[in-house]
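Close look at the chain arrangement
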Amino acid sequence: MGSQGGFYQSKEFLDLVKSIGEARSKAEEDRIVLNEIETLKRRISEPDIPKRKMKEYIIRLVYVEMLGHDASFGYIHAVKMTHDDSLLVKRTGYLAVTLFLNEDHDLIILIVNTIQKDLKSDNFLVVCAALNAVSKLINEETIPAVLPQVVELLAHPKEAVRKKAIMALHRFYQKSPSSVSHLVSNFRKRLCDNDPGVMGATLCPLFDLITRDVNSYKDLVISFVSILKQVVERRVPKAYDYHQMPAPFIQIKLLKILALLGSGDKQSSAKMYTVVGDIFRKCDSSSNIGNAILYECICCVSSIYPNPKLLESAADVISRFLKSDSHNLKYMGVDALGRLIKISPEIAEQHQLAVIDCLEDPDDTLKRKTFELLYKMTKSTNVEVIVDRMIDYMISINDNHYKTEIASRCVELAEQFAPSNRWFIQTMNKVFEHAGDLVNIKVAHNLMRLIAEGFGEDDDTADSQLRSSAVESYLCILGEPKLPSVFLQVICWVLGEYGTTDGKFSASYIIGKLCDVAEAYSNDETVKAYAVTALMKIHTFEIAAGRKVDMLPECQSLMEELLASHSTDLQQRAYELQAVIGLDAHAVACIMPSDASCEDIEVDKGLSFLNGYIQESIEKGAQPYIPESERSGMLNISNFRSQDHHEASSHGLRFEAYELPKPIVQSKIPPASLASTELVPVPEKMYPRESYQTTVPSVSSDAGPSELKLRLDGVQMKWGRPTFSPATSTSNSTISQKTVNGITQVDGASTANSRTRETYDSRKPQVEISPEKKKLAASLFGGSSKTEKRAATGHKISKSSSHMVEKSHVPKSSMEVASEKTPPVQQPLDLLDLGEPTVTSTVPSVDPFKQLEGLVDTTQVASAVNHGLTAAAKSPDIMALYSETPADGDLLSGVLNPSMTNMPGGTTTRQSMPRSKGPNPKDSLEKDALVRQMGVTPASQNPNLFKDLLG
Amino acid sequence: MGIRFILMVNKQGQTRLAQYYEWLTLEERRALEGEIVRKCLARTEQQCSFVEHRNYKIVYRRYASLFFLVGVDNDENELAILEFIHLLVETMDRHFGNVCELDIMFHLEKAHFMLEEMVMNGSVVETSKANILTPIQLMDKAS
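As annotated in an unreviewed UniProt entry, chain B carries the name AP complex subunit sigma and comes from Durio zibethinus. Among the UniProt annotations of chain B, the heading Subcellular location (unreviewed entry) holds the following wording: "Endomembrane system". Its UniProt record, at the heading Sequence similarities (unreviewed entry), says of chain B: "Belongs to the adaptor complexes small subunit family."

In the nomenclature of an unreviewed UniProt entry, chain A corresponds to AP-4 complex subunit epsilon from the organism Durio zibethinus. Looking at the Subunit (unreviewed entry) heading of the UniProt record, one finds this comment for chain A: "Adaptor protein complex 4 (AP-4) is a heterotetramer composed of two large adaptins, a medium adaptin and a small adaptin." Under the Sequence similarities (unreviewed entry) heading, UniProt states for chain A: "Belongs to the adaptor complexes large subunit family."

As structure tokens, then:
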């Protein structure tokens, strides 16, 4: 209907759209748009432009910006258009303004007045248009200008207005929570709105509020549950149905809210079990939207206090997702699995092969999701396999954003679960080598500290072995052409500190290597500085050991260069080196003691060693020192700067607006009195909220399961930031505990190794699954809860063999299911499941797009063609329609555009396509004809323009 | 915040509609659209309809020559967004009758009006087709 009604536009506009539509390249499009800008600049400021024409100009401006060019010259005209009397013109004006301007634009001030006027309009559509603008354009400062009116509109008789008013208020809350903190009770009230649309919209602000402060909304659990129940029981109007599912988007929103409210709260969770269970039972699992709801149920179930029955249902859904052929469902399944294993880690095991398939899938999205899952299920028994996989993947990708993320995950896992120092060093080397410039510098410092401190205080040989292996590996790596700066810094430091310690490498060899580094990375001053200091250490250690050192020629020339360096830091280091080399062994040993990087340096902050000197000076008549706090009004140069710094913040001009008079204080009383009615309890103020938040973690840790990931093996983080370690809040200083951890660690690792060996030996190759995959599965999932049990009982062999039996069983069953599933070909996205009777009756489940989707699968093409033919037989009249019109050919050419020409089974497929076109072919033919009249011909240029989106 | 932006882009990578729910400058939009479209166009039909890009997750769906791309936060239900796209297309189809790319081009403002009814502040607020289309039909009648 809209199409014929809407072609009022001028020929000029149609031509513009046509030329943009037919542009073959970005350059061509740019040329058209630049041309258009010139035209508009000329025309738009002409006097007395009729408003319909003006509306068109404004839409042309929208085009200009949408295609990436600046249209700011016309903004003011869009602003003016918001004053117009005609609703359509006004709304177009508002639309353009919201698209053009950000909320801090200077022109906004001109619109606020119009908005205020429009909010009072008698026409509810005008009010709606203004409210749309409010929620996009009003910033913190202008909120007070419209707030009273928006609040008034919350009680407007039209539900559309109430809905938009709620969302405007939501926007204010997002912008500046304090500006509406006295109004949050309105959200609670609107939850009980008679109109499901208003109620549904109200869930958005409530979700935000609850995210920030769960405890104030616990009383609403019952309401949310009962709303959800009513929705599930189809007590909302049919208009909200989507694909036979009652108000699915509202269901999802409610489940999200319940997940928040039930998290770590047994009582609240108990109230939700029934309704969530109902959804699990009733939900249609064959449609996308049904699966979307089921996924949300899983999220909810894994967030609230665990209920065995629901967890079982969730596990069932997950296994269905993972076994599905649709990548979308697999993705959701992997994500859901990642959520559920926090509560029941054992369910990962039955899906091991599916997970490995996802991991090896060429689809990057799926792969990443799977890595996320592996990250969540890492423990000391599988850390090696997982981190190795991650690193391989990290090396293979180019996307820096994700590279950084995965690198930091590798580091985190390595720090937390590393089975041995050697492995840790090697892992870090790989991470640094390939993503060194992306990881946090702290990681480098952690690594240096680990090498310096070692991990077992009693075990010096292990420490020195660790150091030697680090030195060796670094000397090896230095051969690589281009290394990240951060990594080079670590290498230089370690070589300087420990390069000659074990006597394996001569001083001159290390010195030569360091000089090479300084030379090869001569642009990097930090690396050079590290190298020079390392050189100094090597030289001094040699001197202190009583060996004579001759300065190598390359070192000599490096020093000469640095002595004249523009960097004062490098210069100073070079001069220091020169000076130190000249000293005798004793002095040198004092300046640069060997292996002393871990020694604490005592800093005498009071400078007490100067007391004698001060006494002497005072006796000579010097002014005594007056502490800063006792000085007043004295201009003290040395202090001046720091003081200045302080002052700037306190005494400078204040640019921020004066605080708004907050009605909180007054309004706090009325809600308080209302609180007894319990419909509108008082919103919490800031400080109690904070205290709630601090209590929340302790509650959740009581709840236990959510923390499981960290607890699994009682593994503490051995390296890295101490904040991460769950149980070592006191262990920072206690050495003995560290040692204990270290030992259990090593033990765990060796048993794990022996275990994987066992599984490898006793394994009999299964029918279809490649042994590699199984091996991977075993090493990834093998550990799990069983490792712990074994450790407890000590029946190593029997346990692990029974474990094997189980494992060999699992793949078989999953294979069976897979083979069962193959005959029904994968069900592609249900493009045509329109949920409207007319559609389903005229078009049997086939459409051109769907066919294209299935083209890769030849068997499906055949069946699709059959369908198409039967469709054709059923509706000969449509065929006739098509054969009469010239549009037929064009549509065909549209279907046959370049990227699709590689279809197998050519002609038959093509023939069936136009027949299966949309619900009402007459409509589209009329449209084609109309467009032709307007001078837009569906040329071969861009035939797709005419193609029905819904097929 | 949920939905961060909604884009309609054709197979040649030309933008047909763009609505952002957070402010980006013209240059940022241009760059973002270019990167995302390149990523999505490179994917096959069998792969997931979701792509991670920087801090966004893109949920996309293709109808004939037109791609509908929705950028969402990380904790959004991807399948639901996928169905939201379909709901949008169905709604446009009901209004335009066999909606095609050209309808959206000629009636850019109407497509935007529909979105304004369906999404506010980055959240889906209305999913009843009747409620979405009534204001637009009333407006058509009035003018």
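With that out of the way, let us pick up the overall build of chain B. Along the backbone of chain B there are five helices and seven strands. The buried share of chain B, reckoned over its 143 residues, is 76%. The long-range share in chain B, meaning contacts at least 24 apart out of those at least 6 apart in sequence, stands at 49%. Counting only carbon and sulfur atoms, one obtains 48% of the accessible surface of chain B, whose full area is about 3,600 Å².

Residue and element names in this part refer to chain A. Looking at chain A, pLDDT values average 75 and 67% of them are 70 or higher. Below a pLDDT of 50 lies the segment residues 1-7, which in the model reaches 19 contacts outside its immediate sequence neighbourhood of four places, other chains included. The low-confidence segment residues 636-650 (pLDDT under 50) makes five contacts with residues lying over four places distant or belonging to another chain.

A word on the packing of helix H23 (residues 421-435) of chain A against helix H25 (residues 460-477) of chain A. Residues and elements named next belong to chain A. Following both chains from N to C, one finds H23 and H25 inclined at 25°, their axes separated by 10 Å at the closest point. Taken together, H23 and H25 sit at an angle that is classed as roughly parallel. By crossing handedness, the relation of H23 to H25 is classed as right-handed. Taking contact as the criterion, the partners of Asn421, Arg422, Ile425, Asn429 and Glu433 in H23 are, on H25, Leu466, Ser469, Ala470, Ser473, Tyr474 and Ile477. Here the contact of H23 with H25 is composed, by residue class, of five nonpolar, four polar and two charged.

Moving on, we come to the side chain of Asp73 of chain B. Counting through the fold element by element, Asp73 of chain B comes out in the loop between strand E5 (66-72) and helix H2 (78-96). At 2.4 Å, the side chain of Asp73 of chain B forms a polar contact with the side chain of Arg4 of chain B.

In this section: the interface of chain A and chain B. Each side of the interface is counted separately: chain A has 108 residues, and chain B has 84 residues. The interface formed by chain A and chain B includes eight salt bridges. With a closest N to O distance of 3.4 Å, Lys164 of chain A and Glu117 of chain B form a salt bridge. Applying the counting criterion to the chain A and chain B interface returns 31 residue pairs in polar contact (both at pLDDT 80 or more).

Right, let's talk about the environment of Ala418 of chain A for a bit. All names here are of chain A. Here Ala418 is to be found in the loop between helix H22 (400-417) and H23. The buried category is assigned to Ala418, whose relative accessible area is 0%. When the C-alpha atoms of Ala418 and Asn382 are compared, they prove to be 9.9 Å apart, with 36 residues separating the residues in sequence.

With that settled, consider a nonpolar patch on the surface. Residues and elements named next belong to chain A. A cluster of nonpolar residues, Leu607, Phe609, Leu610, Tyr613, Ile614 and Ile618, forms a patch on the protein surface that exposes about 600 Å² of accessible area. Note on placement: Ile614 falls in helix H32 (residues 611-619). Given the relative accessible area of 40%, Ile614 is considered partly exposed.

Bringing helix H27 (residues 507-520) of chain A into the picture now. All names here are of chain A. Given a rise of 1.5 Å per residue, 14 residues ought to cover 20 Å, and the 20 Å separating the end C-alpha atoms of H27 matches this to within 8%. Among the residues making up H27, those that are buried are Ala507, Ile510, Ile511, Gly512, Leu514, Cys515, Val517 and Ala518. Each element contacted by the buried residues of H27 is listed here: H25, helix H26 (485-498), helix H28 (525-544) and helix H29 (553-563).

Scoring rules and cut-offs
- Residues numbered from 1 in each chain as written.
- Chains lettered and ligands numbered in written order.
- Predicted model: local features only at pLDDT ≥ 70, side-chain atom pairs only at ≥ 80, totals over all residues.
- Heavy atoms only, no water.
- UniProt positions renumbered as here; feature names shortened; annotations may be inferred.
- Helix = DSSP H or I, 4+ residues; strand = E, 2+ residues; numbered from the N terminus.
- Buried < 20%, exposed > 50% of the residue type's maximum accessible area, 1.4 Å probe, protein only.
- Contact = heavy atoms within 4.5 Å.
- Areas by Shrake-Rupley, 256 points an atom, 1.4 Å probe, with all protein chains shown as cover.
- pLDDT = per-residue confidence, 0-100.
- Axes fitted to C-alpha atoms, helices over the stretch in contact; angles between N-to-C directions.
- Parallel < 35°, antiparallel > 145°, perpendicular 65-115°, else oblique.
- Left-handed = near helix turned anticlockwise from the far one by under 90°.
- Nonpolar A, V, L, I, M, F, W, Y, C, P; charged D, E, K, R; others polar.
- Polar contact = N/O pair within 3.5 Å; in protein donor to acceptor, adjacent residues only side chain to side chain.
- Salt bridge = Lys/Arg side-chain N within 4 Å of Asp/Glu carboxyl O.
- Patch = residues over 30% accessible without salt bridge, like charges linked within 9 Å, V, L, I, M, F, W, Y side chains within 5 Å.
- Expected span 1.5 Å × (residues − 1).

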